[in-house]
Amino acid sequence: MQRTTETVPIPGELRSPRAKLVYLYLSTHGAATITELQEGLRMKKLSLYSVLRTLRERGLVGRDAERYVLR
């Protein structure tokens, strides 16, 4: 698992604290499965699916097989 300590700018259109949290998690971990996000963020899968759908619709997150990645 690749992690980074660089400062990552959060897109201005993200208003939801949960969306920001998921975005930051992916920016520091490179990619993650829904289970990794659930365990790392201690969020329910239902909430994660909703956040990830919104991030994908905005073109900020994509999928690589079972892993979610930033675009």
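Just above sits the structure.
In this report, we go over the structure that sits alongside the text. Predicted model, so just to flag it, every value in this text is computed and none were measured. (Residues numbered from 1 in each chain as written. Predicted model: local features only at pLDDT ≥ 70, side-chain atom pairs only at ≥ 80, totals over all residues. Heavy atoms only, no water.)

## Notes on the overall build of the protein
So, point 1. A tally of regular secondary structure across the protein gives three helices and three strands.
So, point 2. Secondary structure elements of the protein occur, N-terminal to C-terminal, as α-β-α-α-β-β.
So, point 3. Rg of the C-alpha trace for the protein: 11 Å, near the compact-globule value of 11 Å for 71 residues, within the 12% margin.
So, point 4. Buried positions account for 35% of the 71 residues belonging to the protein.
So, point 5. When the accessible surface of the protein is split by element, carbon and sulfur atoms take 48% of a total near 4,900 Å².
So, point 6. Each charge class in the protein can be summarised by its mean position, and for the 13 positive and 7 negative side chains these summaries are 7 Å apart. (Helix = DSSP H or I, 4+ residues; strand = E, 2+ residues; numbered from the N terminus. Rg over C-alpha atoms; globule rule 2.2 N^0.38 Å. Buried < 20%, exposed > 50% of the residue type's maximum accessible area, 1.4 Å probe, protein only. Areas by Shrake-Rupley, 256 points an atom, 1.4 Å probe, with all protein chains shown as cover. Lys, Arg positive; Asp, Glu negative; His and termini not counted. Charge placed at Lys NZ, Arg CZ, Asp CG, Glu CD.)

## Section: the packing of helix α1 (residues 17-29) against helix α2 (residues 34-41)
So, point 1. Here α1 crosses α2 at 110°, and the two axes come no closer than 11 Å. Here α1 lies roughly perpendicular to α2, going by the angle between them. Regarding α1 and α2, the two cross each other, and that crossing is right-handed. In this structure, α1 uses L21, V22, Y25 and L26 to contact α2, whose residues at the interface are E36, L37, G40 and L41.
So, point 2. By residue class, the composition of the contact of α1 with α2 is six nonpolar, one polar and one charged. (Axes fitted to C-alpha atoms, helices over the stretch in contact; angles between N-to-C directions. Parallel < 35°, antiparallel > 145°, perpendicular 65-115°, else oblique. Left-handed = near helix turned anticlockwise from the far one by under 90°. Contact = heavy atoms within 4.5 Å. Nonpolar A, V, L, I, M, F, W, Y, C, P; charged D, E, K, R; others polar.)

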